[in-house]
Amino acid sequence: MKFTDGYWLMREGVRASYATEIGEARVDDGRLTLYAPVRRVEERGHTLNSPLLTVECWSPAEGVIGVRSTHHAGAAAHGPDFALRTDPDHTAKITRDGSLLELTSGELSLRVDTAAPWRLDFTAEGRVLTSAGSRGTGFALTGDGRHHSLAQLSLGVGELVYGLGERFTPFTRNGQSVDIWQADGGTASEQAYKNIPFHLTNRGYGVFVNHPGHVSYEIGSEAVGQVQFSVEDQSLEYYVIHGPTPKDILDRYTSLTGRPALPPAWSFGLWLSTSFTTSYDEETVNRFVRGMSEGGIPLGVFHFDCFWMREYQWCDFTWDPDVFPDPEGMLRRLKDDQGLRISLWINPYIGQKSPLFTEAMRHGYLVRRADGDVWQWDLWQAGMALVDFTNPEAREWYAGKLRGLAAQGVDCFKTDFGERIPTDVVWHDGSDPGRMHNYYTQLYNETVFEVLSEARGTDEAVLFARSATAGGQQFPVHWGGDCESHFGAMAESLRGGLSLGLSGFGFWSHDIGGFEGTPTSEVFKRWVQFGLLSSHSRLHGSGSYRVPWDFDEEAVTVTRDFTRLKHRLMPYLFRAAQQARERGTPVMRAMLLEFPEDPACHALDRQYMLGEDLLVAPVFSAEGTVEYYVPDGTWTHLLSGERVRGPLWRRERYGFDSLPSLARPGSVIPFGESDDSAVYDWAHGVTLRVHGPSDGTMTVTRIPAADGSTAATFRTRREGDVITVETEGEGAQVPWRVLLVGIEAAGERSEQTALGTLLTAAPGVTTVSALGVGKLKLLDWRPEGE
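All values reported here derive from a predicted model rather than from experimental measurement. (Residues numbered from 1 in each chain as written. Predicted model: local features only at pLDDT ≥ 70, side-chain atom pairs only at ≥ 80, totals over all residues. Heavy atoms only, no water.)

Novice: Please set out the pairing of strand β46 (residues 756-761) residue by residue, giving values where relevant.
Specialist: With five of six residues buried, β46 lies mostly within the body of the structure. Alignment of strand β43 (residues 736-741) against β46, held across six bridges, turns out to be antiparallel. Across the sheet, Trp 736 pairs through a bridge with Ala 761, a residue of β46. (Buried < 20%, exposed > 50% of the residue type's maximum accessible area, 1.4 Å probe, protein only. Helix = DSSP H or I, 4+ residues; strand = E, 2+ residues; numbered from the N terminus. Pairing = 2+ DSSP bridges.)

Have a look at this one:
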């Protein structure tokens, strides 16, 4: 929200007050409290008839400093509040040197001068990261009587801002006004399904605003050198989070708000949906499944969208008996005969025609207005009401309906909606309606995730969720919502996904082919490539099917080949998934995350890193032309073996059988032996693709098992002209291979392939070595113990 009219004036009806100086500073057990008048106090009379801000500073964890500015402290706390994971054993160090006070946590410090005009300097590594200056801490009263607490943090020259959730507007937020307010706005507007009050910059820090309600940001859009954030409240709390790298920032942020869970291995396979308003029954489903099988396209999950239930009755959690007379038998056949997992669409609304409406209303499970009436409207479902998840009994009632579906054989739920939450209501637990508007989705997704954890086990729970708030990353997977079916929508979807990844979310998907409308065959095939080189992959549409043969025969080939490629990449992708769980680093990574020291990567939003070693640049044109940036070093095309020396920009044209997908210099990318499923023994028969390691380097490659443990570890070293690969653990007991990509070699047990030299190791072989770089020869094979 903008409060000023240019540099000198305030907007009409706005009266703003800012901390001017430090009247008193108190230090108590690692907490610094500053009392800040909003005018210069030159005599005792100046303390009368004037506000005094209380600014508390502390550290909840190493490398994180919290600031809370309060005007009037008597406001009742109605909640909800984010559940933060602070370190109870951590206390900041506070030092005083004359008028200088410094609160230090790790390498991050907050420095204030009690004898100078108001200023909070956040420093690390000998430099100022950001500052709250003369208008950096305060409040504003608007003409309609509303009270807004606000803060401003400075932006340096060339500093770029990222994050704030899944946003489809320009990737860097500079110059934008952003409202953290859940909305069902599609992917082509400034509205967002997943609004996260957290941003980071390319200067080594991030900022989390600890407020679940409406947070208004002006990012260089009101004062061009400032990020301003404000809330309609008497206090404002935020945390400055030090890196120094973007990965470090996400590590600390997700430690505070919650790590992503690790999705089950089967969820990384291809999902096929009935689509939304299309006509379907069991025969349609079987035709789709048969068609995929006949096309050689391995299918992992089948998704039933809304009309698995009767019209006007969403959600009553009951199969439409006219279309699906034997749901249990159908699910059993799909699971037992086809090996499929099953996903069902749900939402948190109860249509008036549903028999559950009367039941829920009678028991008080629906959100009500202040006069006691159930809140209802006709948008989406006629007379629909909203389940009140703040009522423990309502939450259990809703969960019970889902348990019945899980007992039928349902493996996961697509938790749609959760954004259209009214504010003219009364919640069971007394929550503030403004704060609950954004937070509702957390209760919704948490309820469903807990049901699946209970029914399937904690390692098997997975959602396909549309809405989220801070902390929602704990309940993956999230998808990008309703996009159109053209190249522009494909690009905006990627932009939103990369932004969400920079907001702490590890797993993200999108509707392959687009949702609204019907894509051309060119759009569909390019989107298939992008979708199957994403964290999670789902074919889904609105009024038309997304089966590849509806487009052309080549679409079948592209879908088959890229599905099988993804399956081969599972040992690599699941390790990236583990990194998301361990540190909050997303599987699909903005280039900034891997190359923070390369300024050319800071604004890139049409390419990404899939894991830490694979660069992907989707093609956004019918003719196959693509422009992308290659960072420093010699990169290797994953599919052709072509070597590209960066840094440089490339403009190329690709057929539908390929796209820019480059392996990082020196990387070792494991390829699994099987391509017909996402779930298999990834260590057995694994091929390590070695891409030109530098002399003196060693790369550790861990092959995960589906339960998250490590099945095998490989160490690849280069010393001079010798490349050595060694195994440890269980990996020594299974066959494995080394592919030296783009390098010729000769040897008794080597084989030349289109990509390079393949060395095959038998069970029990723990070391494979090759001599000569550029022209390699097999040196020796040393069984264990020799």
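Okay, back to it.
Novice: Mind laying out the side chain of Asn 202, listing which residues take part and the relevant values?
Specialist: One can find Asn 202 in the loop between β17 (195-201) and β18 (205-209). From its side chain, Asn 202 meets the backbone nitrogen of Leu 160 in a polar contact 2.8 Å long. Of note is the side chain of Asn 202, whose polar atom sits 3.2 Å from the side chain of His 602. Setting aside residues no more than four positions away along its own chain, Asn 202 makes contact with Gly 158, Glu 159, Leu 160, Tyr 162, Leu 592 and His 602. (Polar contact = N/O pair within 3.5 Å; in protein donor to acceptor, adjacent residues only side chain to side chain. Contact = heavy atoms within 4.5 Å.)

Novice: How would you summarise the packing of helix α9 (residues 553-568) against helix α10 (residues 570-583) if you had to cite specific residues and measurements?
Specialist: In contact at an axis separation of 5 Å, α9 and α10 are set at 65° when each is read in the N-to-C sense. Side by side, α9 and α10 meet where Lys 566, His 567 and Arg 568 of the first sit next to Met 570, Pro 571 and Leu 573 of the second. Looking at the contact of α9 with α10, its residues break down into three nonpolar, one polar and two charged. (Axes fitted to C-alpha atoms, helices over the stretch in contact; angles between N-to-C directions. Nonpolar A, V, L, I, M, F, W, Y, C, P; charged D, E, K, R; others polar.)

Novice: Give a detailed account of the sheet that holds β17, specifying residues and quantitative values.
Specialist: Reading across from one edge, β4-β5-β6-β7-β21-β18-β17-β15 is the order of the eight strands in this open sheet, with antiparallel pairing throughout. Single-partner strands in this sheet number two, and they are β4 (24-28) and β15 (161-165). Direction aside, neighbouring strands of the sheet carry axes that sit 20° apart on average. The pairing of β17 with β18 spans three bridges and is antiparallel. Pairing of Leu 200 across the sheet is with Gly 206, part of β18.

Novice: Can you lay out the packing of helix α7 (residues 487-501) against helix α8 (residues 521-532) for me, pointing to particular residues and giving the numbers?
Specialist: Between α7 and α8, the shortest axis-to-axis distance is 10 Å and the interhelical angle comes to 15°. Considering the angle they form, α7 stands roughly parallel to α8. When the axes of α7 and α8 are compared, the crossing they make is right-handed. Residues Phe 487, Ala 489, Met 490, Ser 493 and Leu 494 of α7 touch α8, and the partners they reach there are Glu 522, Val 523, Arg 526, Trp 527 and Phe 530. (Parallel < 35°, antiparallel > 145°, perpendicular 65-115°, else oblique. Left-handed = near helix turned anticlockwise from the far one by under 90°.)

Novice: How would you sum up helix α4 (residues 355-363)? Please name residues and give values.
Specialist: Residues of α4 that are buried include every one of Leu 356, Phe 357 and Ala 360, and no others. Burial along α4 is one-sided: seen end-on, the buried residues are contained in an arc of 105°. Exposed side chains of α4 directed beyond 90 degrees from the buried face belong to Pro 355 and Arg 362. Lining the buried residues of α4 we find β25 (349-350), β26 (385-386) and α5 (392-408). (Arc of directions from axis to C-beta.)

Novice: Just give me the short version of the environment of Ala 455, but keep the residues and values in it.
Specialist: Its location among the elements puts Ala 455 in helix α6 (residues 433-456). Its relative accessible area of 35% is what places Ala 455 among the partly exposed residues. Placed 53 residues apart in sequence, Ala 455 and Leu 402 show a C-alpha to C-alpha distance of 9.7 Å.

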